[in-house]
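Listed below, chain by chain, are the residues.
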Amino acid sequence: MITLDNISITAGTFQLDHVSLKVPHRHYGILMGATGTGKTTLLEAIAGLIPITNGSIILGTRDVTSFKPAERNIGYVPQDGALFSKMNVRDHLAFSLVARGEAPVMIKERIDELSSMLGLCDHLHRGIRNLSGGEKQRVALGRALASHPATLLLDEPLSALDEKTRNQMYQLLRNVQKNIPVTILHVTHHVADARFLADTLLHLSPTGIEEIKSDCVSAWMDKESGAPPKRGD
Amino acid sequence: MVSLPDSTSPSPRIRSDGMFIATFSVLGGTYVLLIILLLVGDLAYLLRAPGTTEAVITFDPLGNTSGSVEDEQIQRQLQPYGMSVESDATPRIFDSSNPKNKLWGSPHIDFGGPGTGVGGKGTGTYANDKQLGNILTPDLIDDSKPGFLRFRWEQPVAVTALQIFANTDPVDIRVLNQDHLTHQQRTASGGGPGSVHKITLPGHETDQVEIFFPEGGGLAGMRFSWPGRLRADWELRHPLLSNLVYNPVVEALSKPEIQYSIALSLISCTVTAIISLWIAVPLGYLLSRYSFFGKGLIDAILDIPIILPPLVVGLSLLILFQFMPVALRNAVVYQIPAVILAQVAVACAFAVRIMKAAFDQIDPRCEQVALTLGCGRASAFSRVVLPEALPGMLTAGTLAWARALGEFGPLLIFAGATRLKTEVLSTSVFLELSVGDLSAAVAISFIMIIAAILVLVLTRIWGTKTISL
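Residues numbered from 1 in each chain as written. Chains lettered and ligands numbered in written order. Predicted model: local features only at pLDDT ≥ 70, side-chain atom pairs only at ≥ 80, totals over all residues.

Before we move on, could you go through the overall build of chain B and cite the residues and values that matter?
Helix and strand counts for chain B come out as 15 helices and 10 strands. For chain B, the residues scored as buried account for 39% of the 469 residues in total. Long-range pairs, those at least 24 residues apart, make up 76% of the contacts in chain B between residues at least 6 apart in sequence. (Helix = DSSP H or I, 4+ residues; strand = E, 2+ residues; numbered from the N terminus. Buried ≥ 20, exposed ≤ 12 C-beta atoms within 10 Å, placed from the backbone. Contact = placed C-beta atoms within 7 Å.)

Below you can see the structure in the form of structure tokens.
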């Protein structure tokens, strides 16, 4: 469960005041909002990367407001993946386990497990530069999931993918959510992401976060995506 | 899609327009050409000028059979120096230690100064006990007949001394300078037959020297410096190999002062590069990642060593150490630590600039991710940022190294230019130039050019592709 209770964030000139949200346990939460409303900032605050000035952040049953990022038991996939250019795929999957000092046997087991789940078995030795967009996102996802986080934070993970890859990723994310006991908060401005993935749909606007109730999700989505202009108009 | 530092995306090609490109190429290419010409010029100079050697010619190696040494043998002795001799008759060798003429012989040891005393066998006043050895004469047949010797050189030389053997009348010397002015000099009147005159000449560049003997005489010896050296037989057969073995660079390398200066340069530059990195990595990181009060000021302060005249940096260091405890001052100023300190003072500023640019190019998100993955601040830095910054560090280190190698002004003032103590390569160039040894100066410059090019290549291959100074 992810709970934000009345938090305020000041980052430079950007200000986010008195925001609350709740994503139930093992739900796939989608946070939507226009560019510049502070979606990424909010995600970074949950990850503990930027301080909050007010309120509290509760992950599961723990109040992690004052915790360091490493102690929050989260997996974080930033906007462009932010892969480490000098490491290969295996190093990425092993990173958090090595950082936490896991035994080599455990690490190997986990790498096998993750790589088969994410379809990366044949790519373990490859460098990052020559991976495709979808492969990079799968590596970033695997890296975030390696240490069994209870919370997964995804920042626009699909925004730069082509249509086909994007659909494959939808399937993959669904499988992840089904097989792994993890609560996901996925930030996006694509209505399609919400349509295919959301258990809980949240909308961030300058006035705050509103939860779109499941019975009006369809209508809201139609309203949000708007009608494309007809050809010939 | 993931924009990684160092990823070189191909820049879009722009359609070229002949005239436009040509104009720009000429404007920019001139400078590139200048750089290439500078290097080629140095190299050409080194290959052309194998240094200047001092030559002393006596005619003793030709044997002491008086009168029998013919023109051909004399020319053969002179030929390796690129010189030849002619006279109004046939130049011959006269053996002063075994004279057969009635008047001449080895002069007496009392002929200390030029033109005094009388020597000679037979009629001479004094004993023939000053060994002049062989003497070159215009013509031996009649030792009181006027005559001249004319020496010509293929390449200009600087004649500095002549030892003339003459009769009573003064001998005239004419040096045809390269600038077409003639230097005339006359010996003092001889005290009698067989007087000896040691003539010192100003050493102008010349390719012709004429000596007029009004009543016979000859040349016992000659000293000149010439742009070359005597070559062994194998060298004449393999001139290329000879140039490789004997050239100013090898000559410079064989001098103990230069070996010391190379060693000190290598060590001090390496230490400087390490110290610079030690400072530049944390400072560059702070400047790149954080904004804090006074950041602009610090940024500006870091430019000071770059824009300050180098001499002023040295002077400021010197002044600073006037305020230090005496023991520290004595340990640093004009000592090896001063060399390193002066180098660090300037080189580090460049390293900081590059490291800041290198950290700027590393996505801060990578570190953030590492933090969420269980790393602390320090381990995120060492495990994620440092590996990514490695090419930048190599660039910063090598450029600091190269800067340190070229450092001169601050060194001269703060560390001095003492041979075998604080002499580094740039100081060596200065010292060699100041004693007029141009080819040694160029040779050391060439060693520095090679080192600099090596560093440049290293940086281009393994360093960051996107930052350069």
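Residue-level account of the confidence of the model for chain A, with values.
Residue-level pLDDT values for chain A average 88, and 99% of them are 70 or greater. Predicted confidence in chain A is weakest over helix α7 (residues 217-225) of chain A, with a mean pLDDT of 79, and strongest over helix α2 (residues 89-99) of chain A, with 93. (pLDDT = per-residue confidence, 0-100.)

Before we move on, can you summarise helix α1 (residues 39-47) of chain A with the specific residues and values?
All names here are of chain A. Counting buried positions over the nine residues of α1 gives eight, a clear majority of the element. Residues of α1 that are buried include every one of Lys39, Thr41, Leu42, Leu43, Glu44, Ala45, Ile46 and Ala47, and no others. Among the residues trailing α1, Gly48 stands out with phi positive, at a value near 85°.

Tell me about the interface of chain A and chain B, and name the residues and values.
At the interface, 24 residues of chain A touch 22 residues of chain B. Elements supplying a minimum of two residues to the side of chain A that touches chain B: β6 (74-77), α2 and α4 (133-145) of chain A. In terms of residue class, the side of chain A that touches chain B is built from 13 nonpolar, five polar and six charged. (Nonpolar A, V, L, I, M, F, W, Y, C, P; charged D, E, K, R; others polar.)

Break down helix α14 (residues 425-434) of chain B for me, citing the residues and quoting the values.
Residues and elements named next belong to chain B. Buried residues dominate α14, accounting for seven of its 10 residues. Taken together, the buried positions of α14 are Leu425, Ser426, Thr427, Ser428, Val429, Leu431 and Glu432. Packing partners of the buried residues in α14 comprise α6 (256-289), α12 (377-406), α13 (409-414) and α15 (438-462). Gly436, located one to two residues past α14, shows a positive phi value of around 85°.

Provide a residue-level description of the sheet that holds strand β2 (residues 14-23) of chain A, including the pertinent values.
All names here are of chain A. Strand order in this open sheet of four strands is β2-β1-β4-β5, and the pairing throughout is antiparallel. The open sheet is flanked by β2 and β5 (62-63), the only strands paired with a single partner. Two elements, strand β1 (residues 2-11) and β2, share seven bridges in a ladder whose sense is antiparallel. In the sheet register, Ala11 faces β2, and the bridge partner there is Phe14. Against the sheet, α1 makes contact with β1, β2 and β4 (54-59), and its axis sits at roughly 115° relative to β1, the strand it touches most. (Pairing = 2+ DSSP bridges. Axes fitted to C-alpha atoms, helices over the stretch in contact; angles between N-to-C directions.)

Any details on the pairing of β4 of chain A? Residues and values, ideally.
Residue and element names in this part refer to chain A. The pairing of β1 with β4 spans five bridges and is classified as antiparallel. Across the sheet, residue Asp5 finds its bridge partner in β4, namely Ser56. Pairing of β4 with β5 involves two bridges; the strand directions are antiparallel. Following the sheet pairing, Leu59 is matched in β5 by Arg62. Linking β4 back to β5 in an antiparallel pair, the connection comprises two residues, with Gly60 at a positive phi of about 65°.

Let's hear about the packing of α12 of chain B against α15 of chain B: which residues, and what values?
Residue and element names in this part refer to chain B. Packing of α12 against α15 brings their axes to within 9 Å, and their N-to-C directions diverge by 170°. With respect to α15, the axis of α12 lies roughly antiparallel. Residues Pro391, Leu394, Thr395, Thr398, Leu399, Trp401, Ala402 and Leu405 of α12 form the contact with α15, whose own contacting residues are Met448, Ala451, Ala452, Val455, Leu458, Thr459 and Trp462. Here the residues of the contact of α12 with α15 sort into 12 nonpolar, three polar and no charged. (Parallel < 35°, antiparallel > 145°, perpendicular 65-115°, else oblique.)

Describe the sheet that holds strand β8 (residues 183-188) of chain A, listing the residues and the values that go with them.
Residues and elements named next belong to chain A. The sheet built from six strands is open, its strands ordered β6-β7-β8-β3-β9-β10 with mixed pairing. Two strands in the sheet have a free side with no partner beyond their single neighbour: β6 and β10 (208-212). Averaged over all pairs of adjacent strands, the angle between strand axes in this sheet comes to 20°, irrespective of strand direction. One ladder, built from five bridges, connects strand β3 (residues 28-33) with strand β9 (residues 200-205); its direction is parallel. Bridge pairing in β9 places Gly33 opposite Leu204. α4 contacts β6 and β7 (151-155) of the sheet and is inclined by roughly 160° relative to β6.

Go over the nonpolar core, please, and point to the residues and values.
All names here are of chain B. By size, the foremost hydrophobic cluster in this structure holds 129 residues, and its most contacted members are Ala351 and Ala400. Looking at this core element by element, the count peaks at 19 residues for helix α10 (residues 336-360). Leave out the neighbours within four places in its chain, and Ala351 touches Ser276, Leu277, Ala280, Ala396, Leu399 and Ala400. If you look at the next biggest cluster of nonpolar residues, it comprises 29 residues, including Met83, Ile135, Leu219 and Met222. (Core = buried A, V, L, I, M, F, W, Y, C linked by C-beta atoms within 7 Å.)

Can you tell me about the environment of Ala161 of chain B, naming the residues and giving the values?
Residues and elements named next belong to chain B. Considering the arrangement of structural elements, one finds Ala161 in strand β5 (residues 147-166). Taking C-alpha positions, Ala161 is 7.0 Å from Phe224, a pair spaced 63 residues apart along the chain. The residues touching Ala161, leaving out its near neighbours within four places in the chain, are Lys198, Ile199, Thr200, Leu201 and Arg223.

Describe the packing of α4 of chain A against helix α5 (residues 163-179) of chain A, listing the residues and the values that go with them.
Residue and element names in this part refer to chain A. At their nearest, the axes of α4 and α5 sit 10 Å apart, and the two run at 25° to each other. Here α4 lies roughly parallel to α5, going by the angle between them. Read as a crossing pair, α4 and α5 show a hand that is right-handed. Residues Gly133, Gly134 and Gln137 of α4 touch α5, and the partners they reach there are Thr165, Gln168 and Met169. The class makeup of the residues in the contact of α4 with α5 is one nonpolar, five polar and no charged. (Left-handed = near helix turned anticlockwise from the far one by under 90°.)

I'd like to hear about unusual backbone geometry, residue by residue, with values.
All names here are of chain A. We note that His18 has phi near 50°; this positive angle belongs to a residue other than glycine. Among the secondary structure elements, His18 is positioned in strand β2. Residue class for His18 comes out exposed when judged on the 11 C-beta atoms lying within 10 Å of it. At His148, a residue that is not glycine, the phi angle is positive and equals roughly 50°. Looking at the secondary structure, you find His148 in the loop between α4 and β7. What makes His148 partly exposed here is the crowd of 13 C-beta atoms within 10 Å.

Any details on the pairing of strand β4 (residues 134-137) of chain B? Residues and values, ideally.
All names here are of chain B. The two faces of β4 match: Asn134 and Leu136 on one face and Ile135 and Thr137 on the other face are all buried. Here strand β3 (residues 92-95) pairs with β4 via four bridges, running antiparallel. When the bridges of β4 are listed, Asp95 appears paired with Asn134.

An account of the confidence of the model for chain B is needed here, citing residue identities and associated values.
Residues and elements named next belong to chain B. Averaged over every residue, the pLDDT of chain B is 82; residues scoring 70 or more account for 84%. Here residues 108-129 is a poorly scored stretch, pLDDT under 50, and it has 66 contacts once near neighbours within four places are set aside; other chains count. Interface confidence for the predicted complex, given as ipTM, is 0.90, next to a pTM of 0.73.

Run through the environment of Val429 of chain B, naming residues and quoting values.
All names here are of chain B. Mapped onto the elements of the fold, Val429 is located in helix α14. By the C-beta count within 10 Å, which is 20 here, Val429 ends up buried. Each C-alpha atom, one on Val429 and one on Ala441, is 4.6 Å from the other, the two residues being 12 residues apart in sequence. If sequence neighbours within four positions are ignored, Val429 has contacts with Ala441, Ile444 and Ser445.

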